Amino acid sequence: MIDPFGRSITYLRVSVTDRCDFRCTYCMAENMTFLPKRDLLTLEELERLCNAFIDKGVRKIRLTGGEPLVRKNVMQLFRALGQRIPQGALDELTLTSNGSQLERYAPELFEAGVRRVNVSLDTLDPDKFRAITRWGDFNKVMAGLEAARKAGLKIKLNTVALSGFNEHEIPELMRFAHGEGMDISLIEAMPLGEIDEDRSSQYLPLSKVRRDLEERFTLKESGHATGGPSRYVNVEETGGRLGFITPLSHNFCASCNRVRLTCTGTLFMCLGQDDKADFRECLRNNPDDDNAVHAAIDAAIARKPKEHNFELDETKSRVAVARHMSMTGG
């Protein structure tokens with residue numbers, strides 16, 4: 001699949017649910033209204049649509065949420081898609097998680113074919129962790145990380161850099177990750193959905209974070225790539241990798257290789273745009289016609305925009321799109 005700007009689309013991110021057992025302050029409002037279950041694709045429909053994207057050239061699928069592991073029977077989908085890896089049709093099946101359910105599911109994930117997992121972690125302080133997640137249990141996440149390691153999963157931590165909250169913890173988070181054999185990526189807070197705080201007060205440009213880190217650490221450019229938007233450096237003092245995901249200060253649109261599917265069957269060709277394609281009706285109106293689904297995929301990829309609409313700085317805060325990150329799946 002080639003979009004109008006010559007980019008090969010090989011990466012599909014799938015939100016299997018908009019529900020989550022955390023309420024992270026930069027991601028959700030505290031009193032969220034979630035979708036009724038009747039609006040969601042069934043796991044069988046998600047499997048069919050993912051397989052259609054694989055047939056069209058997708059080589060990597062990441063299951064996300066909300067928190068993907070809170071969806072009932074979601075391991076059914078992991079096992080089904082994992083079968084495409086030994087067939088040679090899919091290179092990788094991964095997930096992004098808050099870590100709350102990993103202690104329970106890590107062995108099953110490995111058995112299903114998952115080899116890497118991204119876990120969101122913004123602080124090592126249990127009290128601050130509770131404050132930023134509102135409902136999260138720090139010790140439960142730590143137990144989840146340990147269970148994932150024991151199961152054989154490679155872990156990358158994702159840390160959202162938040163001004164006034166964790167900017168001074170970033171070196172400690174990096175040392176923790178590298179000391180445990182984990183990569184870590186820093187992410188700029190993105191203006192998705194109305195929350196209970198002013199976006200501009202949260203925004204911390206990673207260009208500033210990197211300058212601060214370079215006063216204490218030796219950062220050397222790395223050619224490491226995972227198919228996602230992280231730009232990596234090797235940290236000489238820790239021996240680990242550090243990634244920067246910079247949708248605002250240094251966007252990565254020119255190399256974008258991904259599209260995002262929500263749990264309702266809506267495909268967003270860009271995280272920071274509202275243009276979308278409805279695959280729920282396509283699936284249900286064509287239960288035995290995969291050619292129609294393939295044609296709908298082609299039509300959607302042909303509308304993928306050149307770049308996103310994110311705009312955020314210290315003087316203004318504009319929500320680029322109304323949907324929350326938990327709906328789109330990151």
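Before reading on, note that the structure itself is shown above.
Residues numbered from 1 in each chain as written. Predicted model: local features only at pLDDT ≥ 70, side-chain atom pairs only at ≥ 80, totals over all residues. Heavy atoms only, no water.

Peer 1: Lay out the sheet that holds strand β4 (residues 116–120) with the relevant residues and their values.
Peer 2: If you walk across this open sheet you meet the twelve strands as β7-β8-β9-β6-β5-β4-β3-β2-β1-β10-β11-β12, and the pairing is mixed. Edge strands, defined here as strands with exactly one partner in the open sheet, are β7 (219–221) and β12 (276–278). On average, each strand axis in the sheet is tilted by 25° relative to the strand beside it, whichever way the strands run. In terms of strand pairing, strand β11 (residues 266–268) meets β12 through three bridges, oriented antiparallel. Of the residues in β12, the one forming a bridge with Thr-266 is Asp-278. Against the sheet, helix α5 (residues 138–151) contacts β4 and β5 (154–161), and its axis sits at roughly 150° relative to β5. (Pairing = 2+ DSSP bridges. Helix = DSSP H or I, 4+ residues; strand = E, 2+ residues; numbered from the N terminus. Axes fitted to C-alpha atoms, helices over the stretch in contact; angles between N-to-C directions. Contact = heavy atoms within 4.5 Å.)

Peer 1: Lay out the packing of aromatic side chains in plain terms, naming residues and giving numbers.
Peer 2: Under the definition given, this model contains three aromatic pairs. With centroids separated by 5.8 Å and ring planes inclined at 85°, the aromatic side chains of Phe-22 and Phe-129 adopt a geometry described as edge-to-face. With a gap of 107 residues between them, Phe-22 in the loop between β1 (11–15) and α1 (43–55) and Phe-129 in helix α4 (residues 126–133) connect regions that are remote in the sequence. An identical accessibility class is assigned to Phe-22 and Phe-129; each is buried. Here Phe-53 and Phe-279 contribute two aromatic rings whose centre-to-centre distance is 6.1 Å and whose plane-to-plane angle is 55°, an arrangement assigned as tilted. A residue pair is termed long-range when its members are at least 10 positions apart, and Phe-53 in helix α1 and Phe-279 in the loop between β12 and α9 (280–285) qualify at 226 residues. Looking at Phe-53, the relative accessible area reads 0%, which means it is buried. (Phe/Tyr/Trp six-rings, centres within 6.5 Å; stacked < 30°, edge-to-face > 60°. Buried < 20%, exposed > 50% of the residue type's maximum accessible area, 1.4 Å probe, protein only.)

Peer 1: Give a description of the packing of helix α3 (residues 102–112) against α5 that names residues and reports values.
Peer 2: Look at α3 against α5: their axes get within 8 Å of each other, and the N-to-C directions meet at 20°. With respect to each other, α3 and α5 are oriented roughly parallel. For α3 against α5, the interelement crossing comes out right-handed. Contact residues: Leu-102, Glu-103, Ala-106, Pro-107 and Phe-110 in α3; Ala-143, Gly-144, Ala-147, Ala-148 and Ala-151 in α5. Looking at the contact of α3 with α5, its residues break down into eight nonpolar, one polar and one charged. (Parallel < 35°, antiparallel > 145°, perpendicular 65-115°, else oblique. Left-handed = near helix turned anticlockwise from the far one by under 90°. Nonpolar A, V, L, I, M, F, W, Y, C, P; charged D, E, K, R; others polar.)

Peer 1: Hey, could you go over the nonpolar core for me, with residue numbers and the actual values?
Peer 2: Judged by nonpolar contacts, the single largest core of 92 residues is most densely connected at Leu-12, Ile-61, Phe-78, Leu-109 and Leu-267. Considering each element in turn, this core owes the most residues, seven residues, to α1. If sequence neighbours within four positions are ignored, Ile-61 has contacts with Leu-12, Val-14, Cys-50, Ile-54, Leu-81, Leu-90, Glu-92, Leu-93 and Thr-94. (Core = buried A, V, L, I, M, F, W, Y, C linked by side-chain atoms within 4.5 Å.)

Peer 1: Any details on the side chain of Ser-185? Residues and values, ideally.
Peer 2: Among the structural elements, Ser-185 can be located in strand β6 (residues 183–188). Sequence-distant contacts of Ser-185, defined by excluding residues within four places in its chain, comprise Lys-156, Leu-157, Asn-158, Thr-159, Ser-230, Tyr-232, Gly-243 and Ile-245.

Peer 1: Give a detailed account of the side chain of Glu-67, specifying residues and quantitative values.
Peer 2: With respect to the element layout, Glu-67 can be found in the loop between β2 (60–64) and α2 (75–82). Nearest to the buried, unbridged Glu-67 among oppositely charged side chains is Lys-140, at 10 Å. Only 3.2 Å separates the side chain of Glu-67 from the side chain of Ser-97, close enough to count as a polar contact. A polar side-chain atom of Glu-67 sits 2.6 Å from the main-chain amide nitrogen of Asn-98. Ignoring anything within four residues of it in the chain, the contact list for Glu-67 reads Thr-17, Arg-19, Cys-20, Asp-21, Ser-97, Asn-98, Gly-99 and Ser-100. (Lys, Arg positive; Asp, Glu negative; His and termini not counted. Salt bridge = Lys/Arg side-chain N within 4 Å of Asp/Glu carboxyl O. Polar contact = N/O pair within 3.5 Å; in protein donor to acceptor, adjacent residues only side chain to side chain.)

Peer 1: Account for the pairing of strand β10 (residues 258–261), with residues named and values stated.
Peer 2: Of the two faces of β10, the one holding Arg-258 and Arg-260 and the one holding Val-259 and Leu-261 are both buried throughout. Examined bridge by bridge, β1 and β10 share four bridges and lie parallel to one another. What sits directly across from Tyr-11, in β10, is Arg-258. Where β10 and β11 come together, two bridges link them in antiparallel fashion. Within the sheet, the bridge partner assigned to Arg-260 lies in β11 and is Phe-268.

Peer 1: Quick one: what's the story with the pairing of strand β8 (residues 231–235), residue by residue and with numbers?
Peer 2: Here three bridges tie β7 to β8, and the two strands are oriented antiparallel to one another. Bridged to Lys-220 within β8 is Asn-234. Bridge count between β8 and strand β9 (residues 240–245): five bridges; the pairing is antiparallel. Following the sheet pairing, Asn-234 is matched in β9 by Arg-241. Counting the residues that bridge the hairpin from β8 to β9 gives four residues, and of these Gly-239 lies at a positive phi of roughly 75°.

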